[in-house]
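Structural overview
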Amino acid sequence: MRKEIRKRLCAIAMASSSIVLGCTTVEPKRGFADVQNAVAGRIDHEVEWDQGTQQDAHVRESVERLLTDELGLEAALQIALLNNPTLQATYEELGVAQADLVQAGLLRNPVFSGFARVPRGSPSQTNLEFDVAQEFVGLLFLPARRRVASANFEARKLHVIDAVLDLAARVKAAYFGLQASENVADVVRASADVATASAELAAKMHEAGNFGDLELARERALATELGLDVERRRGEVEIAREILTRLMGLTGDEASWSVPPRLPAIPREEPPLDDLERAALTRPDIAAVRQEADTLRDALGLTRLSRWFPFVELGIDNERDTRGQWVHGPNVSLQLPVFDRGEAGVARAESELRRSEKRLVALGVAARSEIREAQSRMARARRLAETASGSLIPLRQEVVSRALERYNYMFVGASDLLAAKRDELEAYRIYVTSVRDYWVARSDLERAVGWTLKHPQGVSAEPAQSSARPPSHPSHGGN
Amino acid sequence: MSTRRQVLASLLFAGGAAAFGRRRGEAAGEERSSSSTLQDSAIVSARPAVVTPNGASLPFVMKDGVKEFRLIAEPVEREFAPGMKVKCWGYNGRTPGPTIEAVEGDRVRFLVANRLPESTSIHWHGIILPNGMDGVSGLNQREIRPGETYAYEFTLRQHGTHMYHPHADEMLQMAVGMMGMFVIHPRQREDPPVDREFALMLHAFAVHPGTYRPDPSIMTEFNMFTFNSRVFPGTEPLVVRAGQRVRIRIGNLSMDEHPIHIHGHSFRVTGTDGGPVPKSAQWPETTVLVPVGSTRDMEFVADNPGDWALHCHKSHHAMNAMGHGIPNVLGVDQSAVEKRIAELLPGYTAMGESGMAEHSAHAQHMPGPKNTLPMMRGRGPFGPLDMGGMFTVVKIRDGITGYDDPGWYRHPPGTVAWRVQG
């Protein structure tokens, strides 16, 4: 009888262990393929996880190849996605979640206890006792726990995808910010050149005895002031460079990259922008929170159920008492829900679930608003840029032309001309900042919907470089 | 060649017959009043005794012994010189209005039609007449409202050079060109008789660069100074036969006095808008200062043949418009800076280090503001003349029979300044 029981128990143990031993290996890269596909589908770029394999040498080569030329936006994005160290750290979350998933599928190990008690007196024998016990509830709830861990893994994947999109958006903002600050620095330098020319003329007038000290000092003060502005703008360019270098994860020699000096011109047509608020539903971070809520819902169910079975251990006990008599039998350990009936645990799980659900609502509201805001900023920046380039700059150029006519006929002096030129440069600066605002707003919109906006033909909206340059000043019939 | 007196005498006998005189060469077209043909009276085309350069005289109709003139006060477009057309107000399509010519003792009637957008009136400057004909609106008569026609009628009891101009919103209407000469010929024969006479109305406009209309709010900063509302090189020459006794009647309704100077001759001032100056009181001048609101008659014998400058001697008045307050670049070496500025401003050229004459050369091929003349312009037979504003030429020639522009003077050998060294 005992033998039969023993045999049966052993069989059960063997069967169970074979089931659970089937998934004990942790494969962190399992989820990453999903991440790669999702990223490719949304922003048409590659990501790679640096794990010290042969693959990484290829990644290194790709990055170096991209760095040999002037960096276009796509190249900078690609470098950042491959090379940003924080992103690489984020990928390890998948490893953690995957390990948790595996862990969730494992039973707790059986516990072997052994005692040897030596009696004081004789003729007693040493009291031997050993038992093997197995925590039992785990087996019952194994599928549920695995489900929860799996759901959590999915949520982690979505978080990682979101982290990739977030990096892409920051790279775009930094890239356009850098181009804009270089553009603006050029404009400010041109303006300073104009003031310097005016000051040089004033110096010549002073030399000839036609200008007083006051007039000269005024001109030189203005030229010096604008020179300070040039310095400041140069500083802004350097800061913008560092931001982008950081995002691309470059150091040392690699940090001597360059970008095309002009912002791309605003494309003539907008990509289709209807119904974008719907996109909020599928955004990775929202999907992640939704997934988390589902996970917590499952976990709540599990908690509710398992509060009644907090701890059950079944085991087999064998003992040889001091008289040498072997006794054996099953043993059971139970936790008695006297003080802690698990209500707190349930309440906690309920609160966590509600918190997650409310976060989901908040995110939904924020996402829709972000989409609207980004669309509005994009439209406004486009209008400003179009008005600046279509009306303001041509009008300022006309002022310069007409002022030159007045100068030719001795109605105004050269300094009036130069002042008109500075006004034209200011108009161009307004244009440049509007173009930058457009591209940043567009990138924010892409972040808000969670994918890259495409034009109807499927062609990306990146037009040729160097469209956003100051229209050349019309020259007059020579002299 | 009949004398002026004979010509006017013939007009008095015109009676019911139409008489059209031979027209003398004038820059402007034929002068007719707008309602030209009337059944019962003769249209007498005045054979002008006075030549109004770039202008004309006003024809009249005899009606029962009264000389009836028609004046239409209206907006007009006036070309100050080729390249500059200005929206002015004037009379009968022109500014200054046509010169009125009559004889001392005439009874004259003026039918004044107002086609301006505001009320007007006409004051007959310097003429002795009944108070109600004097033309100060509000004081002597009700204003002539737009669309209305008023009649002025009086007998001329004096002779001399006078003027006519509005006396309602006078400042603005004069600022945009409304004025004209009124010459009353003496009844008695003059001694010595004058062979050729001209009328010049002096005026000043403020036409800002690039604009088409004078600015009536300007009080001192005028920029276009005109003889008969023209500037050099748009001023017609005064063509005279050598030996003729010439009278130039000058009126001034601008805001400044003008010292009008002639080259090659001296003259006497023989009359004002107050009347003739007795011979014993006439003194010699080469420049007559014509005050605001006055006329001066100057007479001389044109005994020195050639092309003689006649101009206001305020040097800025013999230039067209320029900016006042531009930086003084005379003597400034701009060579180093010029290139730098030209890089920033394509088309820029430094000018003025050695004076303003190079500007005139550059202005030939550099664009200027619309409807604006360069400060100085014009070519003579020896090169650039480079004047503007109140500048014209008296062309005195031997033995001419007509008064069309005879071209440039052909100097007798040895009478032209010649280069000696260097």
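Considerations on the overall build of chain A
Counting secondary structure elements, chain A contains ten helices and four strands. Start at the N end of chain A and walk to the C end: the helices and strands fall as α-α-α-α-α-β-β-α-α-α-β-β-α-α. Considering only contacts in chain A between residues 6 or more positions apart, those separated by 24 or more positions represent 79%. As presented, chain A carries roughly 25400 Å² of accessible surface, and 54% of it is formed by carbon and sulfur atoms.

What about the overall build of chain B?
Within chain B, the secondary structure is distributed over four helices and 25 strands. Scored against the burial criterion, the 422 residues of chain B give a buried share of 56%. Summarising the internal contacts of chain B: among those between residues at least 6 apart in sequence, 73% fall at separations of at least 24. Carbon and sulfur atoms form 53% of the exposed surface of chain B, whose accessible area is close to 18400 Å².

Some points on the environment of S376 of chain A
If you trace the backbone, S376 of chain A turns up in helix α9 (residues 343-408). Here the alpha-carbon distance between S376 of chain A and L445 of chain A, two residues 69 residues apart in the chain, equals 9.7 Å.

Some remarks on the packing of aromatic side chains
Residue and element names in this part refer to chain B. Inspection of the entire model under this criterion finds 22 aromatic pairs over all chains. Pairing F69 with F110 gives two aromatic rings, centres 5.1 Å apart and planes at 20°, and the pair type is stacked. One end of the pair, F69, is in strand β4 (residues 66-81); the other, F110, is in strand β7 (residues 107-114), with 41 residues separating them in the sequence. Relative accessible area serves as the criterion here: at 0%, F69 is assigned to the buried category. Exposure remark for F110: the relative accessible area of 0% places this residue in the buried category. Relative to W124, the ring of F110 has its centre 4.3 Å away and its plane inclined at 25°; by these criteria the two rings are stacked. Pair noted here: F110 is in strand β7 and W124 is in strand β8 (residues 123-125), with a separation of 14 residues, a long-range link.

Here we look at the sheet that holds strand β2 (residues 127-135) of chain A
Residues and elements named next belong to chain A. In space, the four strands of this open sheet follow the order β1-β2-β3-β4, with antiparallel pairing throughout. The open sheet terminates on both sides in strands that have one partner only, identified here as β1 (111-117) and β4 (326-334). Across the sheet, the mean angle separating the axes of adjacent strands is 15° when strand polarity is ignored. Examined bridge by bridge, β2 and strand β3 (residues 312-320) share eight bridges and lie antiparallel to one another. Paired with L128 across the strands is R320, a residue of β3.

Observations regarding the pattern of salt bridges
Side chains bearing opposite charge may pair, as long as their charged atoms lie close to each other. Scanning all chains against the criterion turns up 53 salt bridges over all chains. With its nearest N and O atoms 3.1 Å apart, the salt bridge here joins R283 of chain A to E370 of chain A. Within this pair, whereas R283 of chain A is found in the loop between α7 (213-248) and α8 (284-306), its partner E370 of chain A is found in helix α9, the two being separated by 87 residues in sequence. Given the relative accessible area of 4%, R283 of chain A is considered buried. Between D307 of chain B and R397 of chain B there is a salt bridge whose closest N-O contact spans 2.6 Å. In this pair, D307 of chain B sits in strand β22 (residues 306-312) while R397 of chain B sits in strand β25 (residues 391-397), placing the two residues 90 residues apart along the sequence. Take D307 of chain B: its relative accessible area is 25%, and that puts it in the partly exposed class. Through salt bridges with shared partners, one network takes in E190, E197, R245, R247, R249, D297 and E299 of chain B.

Quick look at the nonpolar core
By size, the foremost hydrophobic cluster in this structure holds 110 residues, and its most contacted members are M248 and W257 of chain A together with Y348 of chain B. The element that contributes the greatest number of residues to this core is helix α6 (residues 137-207) of chain A, accounting for 26 residues. Here Y348 of chain B is in contact with L404, Y407, A414 and L417 of chain A together with Q334, E338, I341 and A342 of chain B, once residues within four sequence places are set aside. Residues V51, V246, I250 and W308 of chain B belong to the second largest nonpolar core, which totals 29 residues.

Here's the deal with the sheet that holds β22 of chain B
Strand pairs in the sheet, formed through backbone hydrogen bonds, run parallel or antiparallel to each other. Residue and element names in this part refer to chain B. Read from one edge of the open sheet, five strands run β14-β25-β22-β16-β20, paired in mixed fashion. Two strands in the sheet have a free side with no partner beyond their single neighbour: β14 (238-241) and β20 (287-290). Going from strand to strand, the sheet's axes swing by 20° on average, the running direction of each strand aside. The pairing of β22 with β25 spans six bridges and is classified as antiparallel. Bridge pairing in β25 links A309 to V393.

Some remarks on the interface of chain B and chain A
Taken together, the contacts link 40 residues of chain B with 34 residues of chain A. A buried area of about 3300 Å², summed over both sides, lies between chain B and chain A, and 66% of it is on carbon and sulfur atoms. At the boundary of chain B with chain A, the tally comes to one salt bridge. With a closest N to O distance of 3.0 Å, R340 of chain B and E200 of chain A form a salt bridge. Run the count over chain B and chain A and you get eight residue pairs in polar contact (both at pLDDT 80 or more). Of all elements in the fold, only α3 (335-344) and α4 (357-363) of chain B reach the threshold of two or more residues within the side of chain B that touches chain A.

Examining the pairing of strand β10 (residues 160-165) of chain B
All names here are of chain B. Most of β10 is tucked away: six of the six residues are buried. Burial along β10 is two-sided: G160, H162 and Y164 and T161, M163 and H165, pointing in opposite directions, are all buried. Where β8 and β10 come together, three bridges link them in antiparallel fashion. In the sheet register, W124 faces β10, and the bridge partner there is Y164. One ladder, built from five bridges, connects β10 with strand β11 (residues 180-185); its direction is antiparallel. The partner of G160 across the bridge, within β11, is I184.

Notes on the packing of helix α4 (residues 73-83) of chain A against α6 of chain A
Residues and elements named next belong to chain A. Close contact between α4 and α6 brings their axes to 10 Å; oriented N to C, the two are set at 140°. When the axes of α4 and α6 are compared, the pair comes out oblique. Here α4 and α6 pass one another in a crossing that is right-handed. For the pair α4 and α6, contact is made by L73, A76, L77, A80 and L81 and by V164, L167, A168, V171, K172, Y175 and F176, respectively. Residue classes in the contact of α4 with α6 are distributed as eleven nonpolar, no polar and one charged.

Here we look at a nonpolar patch on the surface
Residues and elements named next belong to chain A. On the surface, a cluster of nonpolar side chains totalling about 940 Å² of accessible area is made up of F136, L139, L140, L314, V332, L334, L336, V338 and F339. Taken together, the elements giving at least two residues each to the nonpolar patch come down to α6 and β4. Summarising the element assignment, L334 is placed in strand β4. You can call L334 exposed: its relative accessible area is 55%.

Considering the confidence of the model for chain B
All names here are of chain B. Predicted confidence across chain B gives a mean pLDDT of 89, with 89% of residues reaching 70 or more. Across residues 6-46 the pLDDT falls below 50, and counting only partners more than four positions away or on other chains, this stretch makes 68 contacts in the model. Per the prediction output, this complex has pTM 0.79; the corresponding ipTM is 0.82.

A closer look at α6 of chain A
Side chains three or four residues apart in an α-helix point the same way, a direct result of the helix having 3.6 residues per turn. Residues and elements named next belong to chain A. Along its 71 residues, α6 runs 100 Å from first to last C-alpha, staying within 8% of the 105 Å computed at 1.5 Å per residue. A maximum bend of about 45° is found in α6 at P143. One or two steps after α6, the chain reaches G209, where phi turns positive at roughly 85°.

Some details on helix α2 (residues 32-43) of chain A
All names here are of chain A. Between its first and last C-alpha, α2 extends 16 Å over twelve residues, near the 16 Å set by a 1.5 Å rise per residue. For α2, the elements touching its buried residues are α4, α5 (85-104), α6, α8 and α10 (414-449). D44 sits one or two positions beyond α2 and adopts a positive phi of about 55°.

Rules and cut-offs
Within every chain, residues take consecutive numbers counted from 1 along the sequence as written. Written order decides the labels, with chains lettered from A and ligands numbered from 1. Where totals are concerned, whole chains, interfaces and linings use all residues; where local detail is concerned, this predicted model gives features only for residues with pLDDT of at least 70, and gives and counts side-chain atom pairs only at 80 or more. As a rule here, side-chain values cover all heavy atoms of the structure and leave hydrogens and water aside. Counting from the N terminus, the helices are DSSP H or I runs at least four residues long and the strands are E runs at least two residues long. Should any heavy atoms of two residues lie within 4.5 Å, those residues are counted as being in contact. All accessible-area figures derive from a Shrake-Rupley calculation using a 1.4 Å probe, and residue coverage is judged against the displayed protein chains alone. Under the scheme applied here, a residue whose accessible area is under 20% of the maximum for its type counts as buried, over 50% as exposed, and between as partly exposed, the area being computed with a 1.4 Å probe on protein chains only. By convention, a stacked pair of Phe, Tyr or Trp rings (six-membered ring in the case of Trp) has centres within 6.5 Å and planes under 30 degrees apart, an edge-to-face pair has planes over 60 apart, and any other such pair is tilted. Strand pairing is defined by DSSP finding a minimum of two bridges between the two strands. Angles run from 0 to 180 degrees between N-to-C directions of axes, and those axes are lines fitted to C-alpha atoms, restricted for helices to the stretch in contact. Think of a salt bridge as a Lys or Arg side-chain nitrogen and an Asp or Glu carboxyl oxygen that are within 4 Å of each other. Take the buried residues of types Ala, Val, Leu, Ile, Met, Phe, Trp, Tyr and Cys, join any two whose side-chain atoms come within 4.5 Å, and each joined set is a nonpolar core. Throughout, buried area stands for the accessible area (probe radius 1.4 Å) lost by two parts on being put together, summed over both. In the analysis that follows, any N or O atom pair within 3.5 Å is treated as a polar contact, provided that within protein one partner can donate a hydrogen and the other can accept it, and provided that, for residues neighboring in sequence, both atoms belong to side chains. Angle categories: roughly parallel below 35 degrees, roughly antiparallel above 145, roughly perpendicular from 65 to 115, and oblique for all the rest. Handedness of a helix crossing follows the sense of rotation of the near helix relative to the far helix, less than a right angle counterclockwise being left-handed and clockwise being right-handed. Here the term charged refers only to Asp, Glu, Lys and Arg, the term nonpolar to Ala, Val, Leu, Ile, Met, Phe, Trp, Tyr, Cys and Pro, and the term polar to all other amino acids, Gly among them. Here the term patch refers to residues with relative accessible area over 30% and no salt bridge, with like charges joined within 9 Å and nonpolar side chains (Val, Leu, Ile, Met, Phe, Trp, Tyr) within 5 Å. Think of pLDDT as the predictor's per-residue confidence, scored from 0 to 100. Each residue after the first adds 1.5 Å to the expected span of a helix. To get the bend at a given residue, fit one axis to the seven residues ending there, fit another to the seven starting there, and take the angle between those axes.

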